[in-house]
Protein chains: 2
Amino acid sequence: MEWITVFSPASIGNIGPGFDVLGMAIKGLGDTVQARKIEKGIIISSLESKHPLTNDPEKNTVTLAAREVLNQLGINGGIEFRIKKGLPIGSGLGSSAASAAAGAFAANYLYGNLLTKEQLILPTTKAEETVSGGFFADNTAPALLGGATLTRTLSPLDVIHLGTITNAKIVVVTPDIKILTEEARKIIPQHVPLKDVISNMAHTASIAAAFSKNNYAFFSKSLHDVIIEPARSSLIPGFYEVKQNAILAGADGVTIAGSGPTMFAITHSEEIAEKVKRIMIETFQKNGISAQGLVTEIDVEGTRLI
Amino acid sequence: MEWITVFSPASIGNIGPGFDVLGMAIKGLGDTVQARKIEKGIIISSLESKHPLTNDPEKNTVTLAAREVLNQLGINGGIEFRIKKGLPIGSGLGSSAASAAAGAFAANYLYGNLLTKEQLILPTTKAEETVSGGFFADNTAPALLGGATLTRTLSPLDVIHLGTITNAKIVVVTPDIKILTEEARKIIPQHVPLKDVISNMAHTASIAAAFSKNNYAFFSKSLHDVIIEPARSSLIPGFYEVKQNAILAGADGVTIAGSGPTMFAITHSEEIAEKVKRIMIETFQKNGISAQGLVTEIDVEGTRLI
C-alpha cells in the first residue's frame, strides 16, 4: 500500500493568560509521520527521535490517536507508522499533542477521510490524555486546526477556531531543563483573588478578539498573566531576568509556553525578534543553563499532508 | 445659541461571565439630552424623569461628565442642559452611564468636537464613578461606542471595541425591585476556585470572539457565568424559576444585566423572544413581583446626535 506523510506543528498552550482555554500553532517545529494501511494492528515500524521515546503502540500518542479514530469509525483495519519526532519532549510546545494529531489525521485520511479536522479534536485529545495525565485541548486543537483556538467547554468538548495574526513574530526559547506537565499543574493556585480573575478574563478575551480580527495591536498588549505565571515561573531559573531582558530588547510580551520550560515572546518586527532571541538565550546562559531559540510565526494550516 | 439633541443608549454590563470586562449597548431604551452653549456654568434647566433624580449639577452624571470634558479641553465656557431621563435608575441597564455619555458627547460636540468617542470614555467613566462608587467602563464604553466593548485594563483605561452581532435578539425584563450597585458588589465572592476561573475565562473569550466575528452561534452558547450569577441571583426573588422558564421557552441563555435586577435573555428568533419575554414577566408575577419587558437588539451606533 501507498505511504502518506503527515506533518503536525508545535503549539503554545494557554497563550499566557488563557490557562486551559487558548492555544496557538507555530511554524518551523513539528512531528512528521509516515503511514500506510496494513491488514491489522496499529504498529510503529520505525522511530527517529533525539530524545528517549517509546515505540509501544499502547503508549505512543501517534498510535493511540489512530486507534481512537478507527474505533470511532468502527473500522477494523490496521496502520503501519514511521515516526520522525521533530519536537522536543516535555518542553511545553505540545509534543505529545502534535504526535496525536498526526496519528489521528493519518488514520482518518487512510480510511476514507470521513471526519473533519474539528471532529478529530476529540479522539486526538483522548489519546493525548493518556500521556499528559489530563484531558485538555489547548495543544491538540491548534495542532490540528492551525491558528489559535479557544476551548469553551471540555465536557462536552467544544472548541472555537479563532483565526490567526499574520504579522506576529513569535520568539521561542527552550532552556535545557525538564518540567513535567503534572508537576507544573500541582504548583498552580487552586483559588484566585477576584481582581486577578478579572485581569486574566480581560486579557484572555483580548487575545481572542486579536486572533478573531487578525489584529496584532490587541495581541501586543495582552500577554499578561497574573494567575499562572507567578507560580510556574519558579520552575524556570532566571525567568524574570530573561523576561525583563526580552522586554528591554523590544518584545511586546513574554511568558511561559504551556507548562514550560519553553518561554515565548511576541513582537511585530523580525529584527527585534532576532535580538530578543539572542538576549533570552544569553540570559539563560548567564544563569548556567544552555538554551535553544527560534524566531517563527503562527502556523495557519495545522496538521496536513506534505 | 442653537440647541443640539443627544441620545445615549442603555447598556448591559458584564454580558454574563465577563464581570467588569464586557458590556454591550442595546436599542430602544436610553437617555435624551438637549444642550446649548452658555457663557458660563454647567446647569440643568429642565429634568424629566419618572423616578426621583437630582438636578444638582454636582451630582447628576450629565453635568459631571460635561465638566470633565471641558476641564480636559481646558475650556472655560458653559452649557445649559435639558434632560429627558428615559432609563430607569438602579435597574442594571447603565442608567448613570448613559447620562454621563450624553453629557460628555454634548460638551465635546458644542466645543469644537476635538475628542473622539474613544477619548470620551475616560471623562465619562470618571463622572459615572462619582455616582456608582466604582471606576468601571463596562457601561460607559458601550453606551458611547455602541456594540460590545472589552475593558482590558482600568489603569491606564484601555478599551477594545469588539463589534456587534446583527441577528441577536435581546430580551430585557426588569422586575420592580431595587438593587444598589454597591450592595450588589458586596455580595460577590472575593476568591474564586480555579475551575470556575477557567470556565468564566473561556466564556468571556468566547463572547469576545462572537462579537468580533458577528457570530450568533458562538454567542448563543456563551452566556454562562459560574462566579457572579450564583451570588447575585440571591438578590432577585424567583431568579432560577424565571431563568428556567425562559430556557424552556427557547432562550439560548439567560442571566443578570450588570448588577441587576434586570435579567436578559438571548435568542436569534423574534418569535421566541416575544414568548420568552412573556414567560419571564409571568414568572415574576407568580412570585408577587411586577415586571416590564422589552424585545430589542444590539445598538451599533452608541451615543449620537438625533
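Because the structure is predicted, anything quoted here is derived from the model rather than measured. Along every chain, residues carry numbers that run from 1 in the direction the sequence is written. Here every chain gets a letter starting at A, and every ligand a number starting at 1, in the order they are written. With pLDDT at 70 or above as the cut-off, local features in this predicted model cover only qualifying residues; side-chain atom pairs require 80 or more to be listed or tallied, and sums for whole chains, interfaces and linings still use all residues. Values shown for side chains rest on all heavy atoms present in the structure; no hydrogens or waters enter the calculation.

**Some points on the pattern of salt bridges**
Side chains that differ in charge, positive against negative, can pair when their charged atoms come close. Should a side-chain nitrogen of Lys or Arg be within 4 Å of a carboxyl oxygen of Asp or Glu, the pair is scored as a salt bridge. Tallying each qualifying case throughout the model produces 26 salt bridges over all chains. With a shortest N-O distance of 2.4 Å, B:Asp31 and B:Lys85 are connected by a salt bridge. Of the two residues, B:Asp31 sits in strand E2 (residues 22–38) while B:Lys85 sits in the loop between strand E4 (78–84) and helix H2 (95–110), which places them 54 residues apart along the sequence. The buried category is assigned to B:Asp31, whose relative accessible area is 0%. Salt bridges here are not isolated pairs; linked through shared partners, they connect A:Lys27, A:Lys169, A:Glu270 and A:Glu297. Strands here are runs of E lasting at least two residues and helices are runs of H or I lasting at least four, both read from the DSSP assignment and numbered beginning at the N terminus. Type-normalised accessible area, obtained with a 1.4 Å probe on protein chains alone, sets the label of each residue: buried when under 20%, exposed when over 50%, and partly exposed for intermediate values.

**Quick look at the sheet that holds strand E11 (residues 291–296) of chain A**
In a beta sheet, neighbouring strands pair by backbone hydrogen bonds and run either parallel or antiparallel. Residues and elements named next belong to chain A. Should DSSP find at least two bridges between two strands, the strands are taken to pair. Ordered in space as E9-E10-E7-E11, the four strands form an open sheet in which the pairing is antiparallel. Of all the strands in the sheet, the pair left with one neighbour each is strand E9 (253–256) and E11. Between one strand axis and the next, the sheet turns by 15 degrees as a mean value, whatever way the strands run. Summarising the sheet, E9 and strand E10 (residues 263–267) pair through four bridges and their orientation is antiparallel. When the sheet's bridge partners are listed, Ile-256 is paired in E10 with Met-263. Lying on the sheet, helix H9 (residues 239–248) is in contact with E9 and E10; it crosses E9 at an angle near 155 degrees. Two residues form a contact once any of their heavy atoms are found within 4.5 Å. Axis definition: a line fitted to C-alpha atoms, over the contacting stretch in the case of helices. Angles run 0 to 180 degrees between N-to-C directions. Across the sheet, helix H10 (residues 270–286) touches strand E7 (169–175), E9, E10 and E11, and the angle it forms with E7 is around 15 degrees.

**Digging into helix H6 (residues 194–213) of chain A**
Working rule for helices: expected span equals 1.5 Å times residues minus one. Taking 1.5 Å per residue, 20 residues should reach 28 Å; H6(A) reaches 28 Å between its end C-alpha atoms and fits that length. Within two residues after H6(A), A:Asn214 carries a phi angle of roughly 50 degrees, on the positive side.

**Some words on the sheet that holds strand E9 (residues 253–256) of chain B**
Residues and elements named next belong to chain B. The four strands lie next to each other as E9-E10-E7-E11, forming an open sheet whose pairing is antiparallel. Of all strands in the sheet, those bounded by a partner on one side alone are E9 and strand E11 (291–296). Direction aside, the axes of adjacent strands within the sheet are offset by 15 degrees on average. This element, helix H9 (residues 239–248), spans E9 and strand E10 (263–267) of the sheet and lies at about 155 degrees to E9. Contacts from helix H10 (residues 270–286) reach strand E7 (169–175), E9, E10 and E11 within the one sheet, and its direction differs from that of E7 by about 15 degrees.

**Some points on the domain arrangement of chain A**
Residues and elements named next belong to chain A. Residue ranges assigned to the domains are those given by an automatic or database domain assignment. Partitioning chain A into structural domains gives domain 1 (4–161) and domain 2 (169–296). Relative to domain 2, the C-alpha centre of domain 1 lies at a distance of 24 Å. Taken together, the contact between domain 1 and domain 2 spans 25 residues of the former and 31 residues of the latter. Defined here as a combined quantity, buried area equals the accessible surface (1.4 Å probe) lost by two parts on assembly, summed across both. With both chains or domains summed, domain 1 and domain 2 bury close to 2,000 Å², and 68% of this area falls on carbon and sulfur atoms. Counting across the interface, domain 1 meets domain 2 through zero salt bridges. Distance and chemistry together define a polar contact, namely a pair of N or O atoms within 3.5 Å, with one atom able to donate a hydrogen and the other to accept it when in protein, and with adjacent residues in sequence counting only for side-chain atoms on both sides. In this assembly, domain 1 and domain 2 are joined by eight residue pairs in polar contact (both at pLDDT 80 or more). Within the residue set of the side of domain 1 that touches domain 2, elements represented by two or more residues are strand E1 (4–13), strand E2 (22–38) and strand E5 (148–154). For the side of domain 1 that touches domain 2, the element with the most residues is E2, which contributes six residues. Within the side of domain 1 that touches domain 2, the residues separate by chemical class into 14 nonpolar, nine polar and two charged. Polar here means any residue outside two lists: the nonpolar Ala, Val, Leu, Ile, Met, Phe, Trp, Tyr, Cys and Pro, and the charged Asp, Glu, Lys and Arg; Gly therefore counts as polar.

**Structural notes on the relation of the copies chain B and chain A**
Superposing chain B onto chain A takes a rotation of 180 degrees combined with a translation of 0.0 Å along the rotation axis, leaving an RMSD of 0.0 Å. Both chain copies can therefore be described as sitting about a two-fold axis. No C-alpha of chain B lies nearer the rotation axis than that of B:Ala205, which sits 1.9 Å from it. In this assembly the copies share their binding face: 100% of the residues contributing to the interface of chain B also contribute to that of chain A. When the copies are overlaid, the least-squares fit takes in C-alpha atoms only where the residue has pLDDT of at least 70 in both copies.

**With respect to the packing of aromatic side chains**
For any pair of aromatic rings, the description rests on two quantities: the centre-to-centre distance and the angle between the ring planes. All names here are of chain A. Note on aromatic contacts: the rings of Phe and Tyr and the six-membered ring of Trp form a pair at centre separations within 6.5 Å, being stacked when their planes are under 30 degrees apart, edge-to-face when over 60 apart, and tilted otherwise. This structure, assessed with the given rule, holds eight aromatic pairs over all chains. Counting every residue linked through ring pairs, the aromatic cluster contains Phe-211, Tyr-216 and Phe-219. Each ring is checked for a lysine NZ or an arginine CZ that lies within 6 Å of its centre and within 35 degrees of its normal; such an atom marks a charge sitting over the ring. Positioned above the aromatic ring of Tyr-111 is the side chain of Lys-37, whose terminal nitrogen or guanidinium carbon lies 4.8 Å from the ring centre. Here the guanidinium or amino end of Arg-82 rests over the ring plane of Trp-3, the centre of that ring lying 3.8 Å away.

**As for the interface of chain B and chain A**
Facing the 38 residues of chain B at the interface are 38 residues of chain A. At the boundary of chain B with chain A, total buried surface from both sides reaches about 2,900 Å², with 72% on carbon and sulfur atoms. It is B:Arg152, B:Leu194 and B:Met201 that lose the most area in chain B upon contact with chain A, and together they represent 23% of the buried surface on that side. Along the contact surface separating chain B from chain A lie two salt bridges. Notably, a salt bridge pairs A:Asp158 with B:Lys221, separated by 2.9 Å at the nearest N-O pair. Joining chain B to chain A, the criterion identifies 11 residue pairs in polar contact (both at pLDDT 80 or more). At the level of secondary structure, the elements contributing two or more residues to the side of chain B that touches chain A comprise strand E5 (148–154), strand E6 (157–163), strand E8 (191–193) and helix H6 (194–213) of chain B. Among the elements that line the side of chain B that touches chain A, the one with the most residues is H6(B), at 14 residues.

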